[in-house]
2 protein chains.
Amino acid sequence: MQRRRFLTLAGAGGALLSAPVVAQEAPTINWRMPSSFPRSLDTVWGAAEYLTERVSVLTDGKFTIRPFSAGELVPPLQVLDAVQNGTTECGHTAGFYYLGKEPALVFDTGVPFGLTPRQHTAWLLHGGGGALMDDLYARFNALSIPCGNTGAQMGGWFRKEIKSIDDLKGLRIRTPGLLSMVYEKLGAIPQQVAGSDIYPSLEKGALDAVEFVGPYDDEKLGFSKVASYYYGPGVLELGASLSLTINQDSWAKLPPRYQEALRAACATAADDLLAKYDANNIVALKRLVGQGVKLKAWPPEVMHAMQSATKQVLEDYAAKSPSFAKILASWRAFRADQLLWNSVNDGAAENYLMATRENGL
Amino acid sequence: MQRRRFLTLAGAGGALLSAPVVAQEAPTINWRMPSSFPRSLDTVWGAAEYLTERVSVLTDGKFTIRPFSAGELVPPLQVLDAVQNGTTECGHTAGFYYLGKEPALVFDTGVPFGLTPRQHTAWLLHGGGGALMDDLYARFNALSIPCGNTGAQMGGWFRKEIKSIDDLKGLRIRTPGLLSMVYEKLGAIPQQVAGSDIYPSLEKGALDAVEFVGPYDDEKLGFSKVASYYYGPGVLELGASLSLTINQDSWAKLPPRYQEALRAACATAADDLLAKYDANNIVALKRLVGQGVKLKAWPPEVMHAMQSATKQVLEDYAAKSPSFAKILASWRAFRADQLLWNSVNDGAAENYLMATRENGL
């Protein structure tokens, strides 16, 4: 098992040996970082700002990165293009937005019924996933450093109760990327609706449902007033790993310690992002339930159908693309092992704690 | 909710503003870092070395930290003392080893039936835990930065099957700290046995059981040859968070970017440590089971008894120490919220995936 190869550029032996040769002078470097995310997603956006602050502190202010929120500099779903073309040195985005360019980029973010944030990190760092992602991003003259995972996202807000898979048929749901293909296979009619248009679309009935993020972000958009059923658990999105996507030429020009500063700042910001979501989501959820939101768990039949549809979507892509098939094989084998380990140890222990929550410590 | 206060020293506003004033010259600083852990625990020890390498890369080799394995410089369970006294600038250890000095230090590492690695990070960063730990370590002229969590450890190796709590009575088990108090309440007779003496003690029957780490580390010590029952899940240790413990005076002398380098390197090393354990534990477990190890889940009755005993141990401490009681109250409230959130979303989703492992993606 290997760490990401691009990181070995700044790895232990190499960089320690080469450090005296390069970068005795700390160059002043200023980058721009367009984000796919708006400021209103304050946890995600906050982590992007926090990341740039950490880099500045680590380099005594010599390496600065200016973040731009969605659309300020480039359209939100063209951040990878900007990085690829060198319009900007880096970007704050998520691989799965570029499914249309390269379906396998979804593995850098997350796949329905996929890996938890912890398992995703393990796959990248010690499961061979990092090297596969390096190869993939290299086709876009880029590399990707994980800089925050949202954790499982909720299933979303529905105007009507979902009692069986029949209730999904014809359902107009706002949901992105791979999730929309899963819903499509189940007879729903996925819609592309910008964040600011979701509420009015639900209110006037142009939308039946919306999958957004989780309680903390969802609460602010007021969905509960126009769609009273809130579904979990987040089997369709066990995690979404955000990416600091970096132009390879810009990366190569950095002294090793600036490369390491980027990577380390991403690790720090990622810890902070998930911690903030975990601390805040439950507080928001309790408020929402207190306001009368009907918190529901998907019926098992619906989850089974979603799982089968996901499998089909993945196999369709694998049949069309050998590189997708190769990554899927690695990811699948790692996932199977991690599910087994989880069912023996960590996951089984958590289950016991959840089951005895009421009479716990 | 606040981040750890000591970290705000190098925090966004402050450090960015003050950066031009301090540390334009990068000083050469050499620290020593005794560890409580031996080289044979290569994942834990490897992360300690990796951490020092990251710091060196981040500072162009100007800030070096020399790691010493258990006993090389100071006795393994006196690392905190060495840091407190300024014998060394920092140490690589775990708070729960110093239970005898200050019981509340267990909250920096982990408590039976406690927080997962992810929940622990959330408590420290956004649940008020960090500030409480800062206050606690300040009494030892120190501060603690988390630098790796093992994830849930296995219940351990037993020479005989554990069918009920009666089978724990009189059981001579090698287990440390708070776990030994839990076992004691259940009638077992915890033993302090050095790592190298465990195998012969089990072999000749001086020990009936041993709790060590997990499959990857346990396999190397060959316990399966002398104790064929391997118990999980790891309810007694959902995680053990290791600590880079730093002398406050040494910390205060560092320029902000070196402080940030320490923190960032810890985040990077922590990611790597848990990923390595997750990737390797399941591979080792499969080998062990293939060799005939009897993998067993604790009977629910036994877990219930362990949980009640843990509650009693915590309440005994809280009754004796107001500061323990204060930390317990924060930790308990956060834990309750996280269990609720987990049971609604992430944990429930993982459960579905574990339950459908055989017919999954």
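What you see is a predicted model; the values in this text were computed from it and never measured.

## Here we look at the confidence of the model for chain A
All names here are of chain A.
Then step 1. Taken over all residues, the pLDDT of chain A has a mean of 93, while the share at 70 or more is 93%.
Then step 2. A low-confidence stretch, residues 7–23 stays under pLDDT 50, and its non-local contacts, those more than four residues away or across chains, total 26 contacts.
Then step 3. Both scores are given for the predicted complex: the pTM is 0.94, the ipTM 0.94.

## A word on the packing of aromatic side chains
Then step 1. All chains considered together, the criterion is met by 32 aromatic pairs over all chains.
Then step 2. With a centroid separation of 5.1 Å and an interplanar angle of 55 degrees, the aromatic rings of F107(A) and F324(A) are classed as tilted. In this pair, F107(A) is assigned in the loop between β3 (90–93) and α5 (117–126) and F324(A) in helix α13 (residues 322–344), connecting sequence segments 217 residues apart.
Then step 3. Relative to Y98(B), the ring of Y97(B) lies with its centre 6.5 Å away and its plane at 85 degrees, an arrangement referred to as edge-to-face.
Then step 4. Judged by relative accessible area, Y97(B) falls into the partly exposed class, the value being 29%.
Then step 5. When its relative accessible area of 3% is taken as the criterion, Y98(B) is described as buried.
Then step 6. A connected cluster of aromatic rings, assembled from ring pairs, spans F107(A), W123(A), Y317(A), F324(A) and W331(A).

## Quick look at the pattern of salt bridges
Then step 1. Across all of its chains, the model carries 34 salt bridges over all chains by this definition.
Then step 2. E260(B) is paired through a salt bridge with R54(A); the nearest N and O atoms lie 2.9 Å apart. In this pair, E260(B) is assigned in helix α12 (residues 256–290) and R54(A) in helix α3 (residues 42–58), connecting two distinct chains. No difference in accessibility class separates E260(B) from R54(A), as the two residues are buried.

## Concerning the relation of the copies chain A and chain B
Then step 1. When chain A is fitted to chain B, the residual RMSD is 0.0 Å, and the transformation amounts to a turn of 180 degrees plus an axial shift of 0.0 Å. Here the transformation between the copies is reduced to the relation of a two-fold axis.

## Description of the sheet that holds strand β9 (residues 241–247) of chain B
Residue and element names in this part refer to chain B.
Then step 1. With antiparallel pairing, 3 strands are arranged side by side in an open sheet as β3-β9-β4. Of all the strands in the sheet, the pair left with one neighbour each is β3 (90–93) and β4 (142–149). On average, adjacent strands in this sheet sit at an angle of 20 degrees to one another, irrespective of strand direction.
Then step 2. Two strands pair when backbone bridges link them, and β4 and β9 are joined in this way by 6 bridges, in the antiparallel orientation. By the bridge assignment for β9, S144 is matched with T245.

## Quick look at the sheet that holds strand β5 (residues 156–158) of chain B
All names here are of chain B.
Then step 1. In space, the 5 strands of this open sheet follow the order β6-β7-β5-β8-β10, with mixed pairing throughout. Both outer strands of the open sheet, β6 (173–174) and β10 (294–297), are each paired with one neighbouring strand and no more.
Then step 2. Two strands pair when backbone bridges link them, and strand β8 (residues 229–232) and β10 are joined in this way by 4 bridges, in the parallel orientation. Residue pairing across strands places G232 opposite A297, the latter belonging to β10.

## As for helix α14 (residues 346–355) of chain A
Then step 1. Most of α14(A) sits inside the fold, with 8 of its 10 residues counted as buried.
Then step 2. What α14(A) keeps buried is the set D346(A), G347(A), A348(A), A349(A), E350(A), Y352(A), L353(A) and M354(A).
Then step 3. Against the buried residues of α14(A) lie α5 and α13 of chain A together with α13 (300–320), α14 (322–344) and α15 (346–355) of chain B.

## Describing the pairing of strand β8 (residues 229–232) of chain A
Residue and element names in this part refer to chain A.
Then step 1. Of the two faces of β8, the one carrying Y229 and Y231 and the one carrying Y230 and G232 are both buried.
Then step 2. Inspection of the sheet shows strand β5 (residues 156–158) paired to β8 by 3 bridges, in the antiparallel sense. Along β8, the bridge assignment pairs G156 with Y231.

## Here's the deal with the interface of chain A and chain B
Then step 1. Taken together, the 91 residues of chain A in the interface contact 90 residues of chain B.
Then step 2. Between chain A and chain B lies a buried interface of about 8300 Å² when both sides are counted; carbon and sulfur atoms form 62% of it.
Then step 3. Applying the counting criterion to the chain A and chain B interface returns 8 salt bridges.
Then step 4. Seen at the junction of chain A and chain B, the total is 29 residue pairs in polar contact (both at pLDDT 80 or more).
Then step 5. Residue contributions to the side of chain A that touches chain B peak at 19 residues, all from helix α11 (residues 256–290) of chain A.
Then step 6. Taken together, the residues that form the side of chain A that touches chain B break down as 46 nonpolar, 24 polar and 21 charged.

Definitions and cut-offs
- Residues numbered from 1 in each chain as written.
- Chains lettered and ligands numbered in written order.
- Predicted model: local features only at pLDDT ≥ 70, side-chain atom pairs only at ≥ 80, totals over all residues.
- Heavy atoms only, no water.
- pLDDT = per-residue confidence, 0-100.
- Contact = heavy atoms within 4.5 Å.
- Phe/Tyr/Trp six-rings, centres within 6.5 Å; stacked < 30°, edge-to-face > 60°.
- Helix = DSSP H or I, 4+ residues; strand = E, 2+ residues; numbered from the N terminus.
- Buried < 20%, exposed > 50% of the residue type's maximum accessible area, 1.4 Å probe, protein only.
- Salt bridge = Lys/Arg side-chain N within 4 Å of Asp/Glu carboxyl O.
- Least-squares fit on C-alpha atoms with pLDDT ≥ 70 in both.
- Pairing = 2+ DSSP bridges.
- Axes fitted to C-alpha atoms, helices over the stretch in contact; angles between N-to-C directions.
- Buried area = accessible area lost by both parts, 1.4 Å probe.
- Polar contact = N/O pair within 3.5 Å; in protein donor to acceptor, adjacent residues only side chain to side chain.
- Nonpolar A, V, L, I, M, F, W, Y, C, P; charged D, E, K, R; others polar.

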